[in-house]
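# Understanding the architecture of this molecule
Below are the chains, spelled out letter by letter.
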Amino acid sequence: MNILLIGNPNVGKSVIFNRLTGVDVISSNYPGTSVDYTRGFLSISGKRHQLIDVPGTYTLEPTCKAEEIAVELLKEGDVVINVIDATNLERSLNLTLQLIKQKIPFVAALNLFDEAEHTGIFIDVEKLECILNVTCIPTCALTGVGISKLVNSLEEVKVSDFDFDNEDRWNTIGNILQEIQHIKHKHHTFLEALRDYSIKPVTGIPILLIILVLMFLSIRFVSEGIIEHISNPLFNSLWTPVLGKLSALLQNNELLSKLLFGEFNTVLNYETSFGLLTTGLYIPIGIVLPYVFSFYTILALMEDSGYLPRVAVMMDTTMHKAGIHGLSIIPMLLGLGCNVPGALATRILETRKEKFITATLLSIAIPCMALQAMLFGLLGSYGYKGLLIVFTTLVIVWFIVGNILKHTVKGTSPEIFMEIPPYRLPYFKGITKKVFMRIKWFIKEAIPFMLFGVLLANVLYAFNILHGIEKVASPLFVHCLGLPKEAVGVLILGLLRKDLAVGMLIPLQLELNQLIVASVVLAIYFPCVATFSVLIKELGIRDMLKSVLIMLITAILVGTILNQVLNLI
Amino acid sequence: MTKILSEMQRAEKGIIKQIRGGKELLARMDSLSLYIGKEIELVSKQSKRGPVVVKLGNTQVAIGSGIAQKIIVDVK
Ligand SMILES: Nc1nc2c(ncn2[C@@H]2O[C@H](COP(=O)(O)OP(=O)(O)OP(=O)(O)O)[C@@H](O)[C@H]2O)c(=O)[nH]1
Ligand SMILES: [Mg+2]
């Protein structure tokens, strides 16, 4: 049997899915967390059934890609678990009635029942069951209350015989609510006060600025702390001796030792030696991982508290300057961690124009944490000047490219229209689980690419393969960008992983100005292959080619201008 | 008194009277339970051309200024 979890966005479908199947999926406190479906299995009295976590939808007449996926999946399902938000019965029942009209067999889970009680909403579940003539079960996905009852109810699922006039849906719902819902007025809580202050511009914008600055500072502070006090000591005291023994064993095999340990004189330098077991592991684990960890911890706090949609509202006017609206801040913020989930999140956007601009700006001006981590290391050693120039340049490029695209890309840019969830207290287990999942994902994705990249770098340089390309590209690099022609290789490997590419800049012994230009060009010129392949699927080949063309042109223009400007001052 | 949603003041309450938009807009508003006859309260306004946030029942919805100009509200 195929069981689908269908419901409005942000009602707890993914948490329920995780409880029922044990399969980890990301859940967060904002609508549009799941943009793709996930399959898992659960057994009901000994029989195995497939359960599918579906992207949330408000209606069965889709308005964006994520909703399309949900409606498409409905055809696959044998029965549905309709997850209802008990704190928002009216809107939830609207979808329920649509399921009823389509004669889809379902049971209803009245989730967030705990929160409904807290806010003073009392629901007569038995009466609702009587009216709709389907099983309704109050649940709290976080604690698991009601979940086993929900599973048992799946043994017998009915089609509701509730009859109503579709034109008069809201009235019908209103009448049902009259009978089953009782609302007790409660005093304003602290979270409600916060809700008001954080969205009023007078207080909201200062709060946003403070949060962003705190976020930036704490990510740097925590990550540098981990690198200095945990990863470096671990590499030096545990890994270096292992490598020492291994290299003694491989003394006779020069080629293999060079590949594994790279090149170094007497002391091992993890950053510049460029061996598989040295730089290939040190960059992703020693440097990038601490940043990935602290970024995702802070992102999880923002996601689970419910602050992100407020950021979207506050940033809306700014984002309009680039022809997109506030909701696009979500792909952008996710992209600061890794561009791949950022690119996937463009599915919550409605029109082609919006998606195209968001994806292009994401690739051009949003450096992922891996790239940022390396830039902090590389440029940070010169103080704040280099970092400041790189990041300011990217912000300016974001605005200029966005503005040009706004006026040139065909199509419409719709306006923000989104639900703003209540604030919820992030809970420790949820946060740690999410951070752990994303770290696992990072390690699985990053390390193979990294090792392959290091291998490729060694092969390219050992056989002098790049010589031809370097020669051709040298006028561009030397005259326009002010970089040595060897930087060609850096950009080629940057296609695999940008953090690796920054690592390759170190042995080139560049000056600060050259490092700045190289960093900016590296950020802009092309997304990494992982992001590229996702974007091809999301945008289609034609639009992706256009997008890539924009990236390359922007990279060359910005690099050239920056080089000139930096040489003047 | 009727007002355009984008001209409502903070904390003002009213009932949606008319939505001056195409089918698509109506459908989208409908899916978020913004239908004619629904009571709403204005929670906040960003800058002049920024989005408004309205409270309806137990939730809040952010509405872009262009859309907000198409919604006519019977203000209490
Ligand atoms: N208090 C409480 N919070 C819950 C409950 N179920 C889910 N949540 C929280 O509600 C938020 C949304 O949960 P998700 O599982 O991501 O919601 P979803 O339905 O998958 O949302 P989309 O993927 O956006 O469609 C998360 O912050 C959860 O922690 C519940 O029963 N009680
Ligand atoms: Mg989900």
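Residues numbered from 1 in each chain as written. Chains lettered and ligands numbered in written order. Predicted model: local features only at pLDDT ≥ 70, side-chain atom pairs only at ≥ 80, totals over all residues. Heavy atoms only, no water.

## Description of the overall build of chain A
The secondary structure content of chain A amounts to 24 helices and nine strands. Relative to its length of 569 residues, chain A is compact, with a C-alpha radius of gyration of 27 Å against a globular reference of 25 Å. By the burial criterion, 56% of the 569 residues in chain A qualify as buried. Considering only contacts within chain A whose residues lie at least 6 apart along the sequence, 75% involve residues at least 24 apart. Carbon and sulfur atoms form 64% of the exposed surface of chain A, whose accessible area is close to 24900 Å². Side chains of chain A give 44 positive and 46 negative charges; the mean places of these two sets differ by 5 Å. (Helix = DSSP H or I, 4+ residues; strand = E, 2+ residues; numbered from the N terminus. Rg over C-alpha atoms; globule rule 2.2 N^0.38 Å. Buried < 20%, exposed > 50% of the residue type's maximum accessible area, 1.4 Å probe, protein only. Contact = heavy atoms within 4.5 Å. Areas by Shrake-Rupley, 256 points an atom, 1.4 Å probe, with all protein chains shown as cover. Lys, Arg positive; Asp, Glu negative; His and termini not counted. Charge placed at Lys NZ, Arg CZ, Asp CG, Glu CD.)

## So, the site of ligand 1
Residues and elements named next belong to chain A. Near ligand 1 lie 25 residues; those nearest to it are K13, S14, G32, S34 and A141. With respect to ligand 1, the backbone of L112 contributes an N or O atom lying 3.3 Å from an oxygen atom. Contact with the protein chains removes 96% of the 660 Å² of surface that ligand 1 exposes when unbound. Only α1 (13–21) and α4 (113–118) provide two or more residues apiece to the shell around ligand 1. For the shell around ligand 1, the element with the highest residue contribution is α1, accounting for three residues. Split into classes, the residues belonging to the shell around ligand 1 amount to ten nonpolar, eleven polar and four charged. (Near = heavy atom within 4 Å. Polar contact = N/O pair within 3.5 Å; in protein donor to acceptor, adjacent residues only side chain to side chain. Nonpolar A, V, L, I, M, F, W, Y, C, P; charged D, E, K, R; others polar.)

## Focus on helix α11 (residues 279–305) of chain A
All names here are of chain A. With 27 residues, α11 should reach 39 Å at 1.5 Å per residue; the first-to-last C-alpha distance of 38 Å fits that figure. Largest kink in α11: about 50°, centred on V288, with the proline P290 one to four residues after it. For α11, the tally of buried residues reaches 23 of 27 residues, placing the bulk of the element in the interior. Taken from the residues just after α11, G306 is the one with a positive phi, measuring 100°. (Expected span 1.5 Å × (residues − 1). Bend = angle between axes of the 7 residues up to and from the residue.)

## Considering the UniProt feature "domain: Ferrous iron transporter FeoA-like" (unreviewed entry) in chain B
The feature "domain: Ferrous iron transporter FeoA-like" (unreviewed entry), as annotated in UniProt, sits at residues 3–75 of chain B in this numbering. The distance from the first to the last C-alpha atom of residues 3–75 of chain B is 7 Å, and the span holds 18% helix and 42% strand. (UniProt positions renumbered as here; feature names shortened; annotations may be inferred.)

## Re the sheet that holds strand β3 (residues 39–45) of chain B
With respect to topology, seven strands assemble into an open sheet ordered β9(A)-β5(B)-β4(B)-β3(B)-β2(B)-β6(B)-β1(B), the strand pairing being antiparallel. Lying at the two open borders of the sheet, with one neighbouring strand each, are β9 (417–420) of chain A together with β1 (2–4) of chain B. When strand polarity is set aside, the average angle formed by the axes of neighbouring strands in this sheet is 40°. Summarising the sheet, β9(A) and strand β5 (residues 59–63) of chain B pair through four bridges and their orientation is antiparallel. Counterpart to E419(A) in the pairing with β5(B) is V61(B). Sitting on the sheet, helix α12 (residues 308–320) of chain A is in contact with β9 of chain A together with β4 (52–56) and β5 of chain B, with an inclination near 140° to β9(A). (Pairing = 2+ DSSP bridges. Axes fitted to C-alpha atoms, helices over the stretch in contact; angles between N-to-C directions.)

## Side note on the environment of T87(A)
With respect to the helices and strands, the residue T87(A) is situated in the loop between β4 (79–85) and α3 (89–101). Measuring from C-alpha to C-alpha, the distance between T87(A) and E117(A) comes to 8.4 Å, with 30 residues separating the pair along the chain. Those residues in contact with T87(A), other than ones at most four positions away along the chain, are L112(A), E115(A), A116(A), T119(A), I121(A) and N58(B). Of note is the side chain of T87(A), whose polar atom sits 2.6 Å from the side chain of D85(A).

## Quick look at the domain arrangement of chain A
Residues and elements named next belong to chain A. Taken domain by domain, chain A comprises domain 1 (2–183) and domain 2 (201–415 + 428–568). Inter-centroid distance (C-alpha atoms) of domain 1 to domain 2 is 39 Å. Each side of the interface is counted separately: domain 1 has 16 residues, and domain 2 has 19 residues. Approximately 1400 Å² of surface area, both sides summed, lies buried where domain 1 meets domain 2, with 57% of it carried by carbon and sulfur atoms. Inspection of the domain 1/domain 2 interface yields three salt bridges. With its nearest N and O atoms 3.7 Å apart, the salt bridge here joins K433 to D24. Linking domain 1 to domain 2 there are eight residue pairs in polar contact (both at pLDDT 80 or more). (Domains from an automatic or database assignment. Buried area = accessible area lost by both parts, 1.4 Å probe. Salt bridge = Lys/Arg side-chain N within 4 Å of Asp/Glu carboxyl O.)

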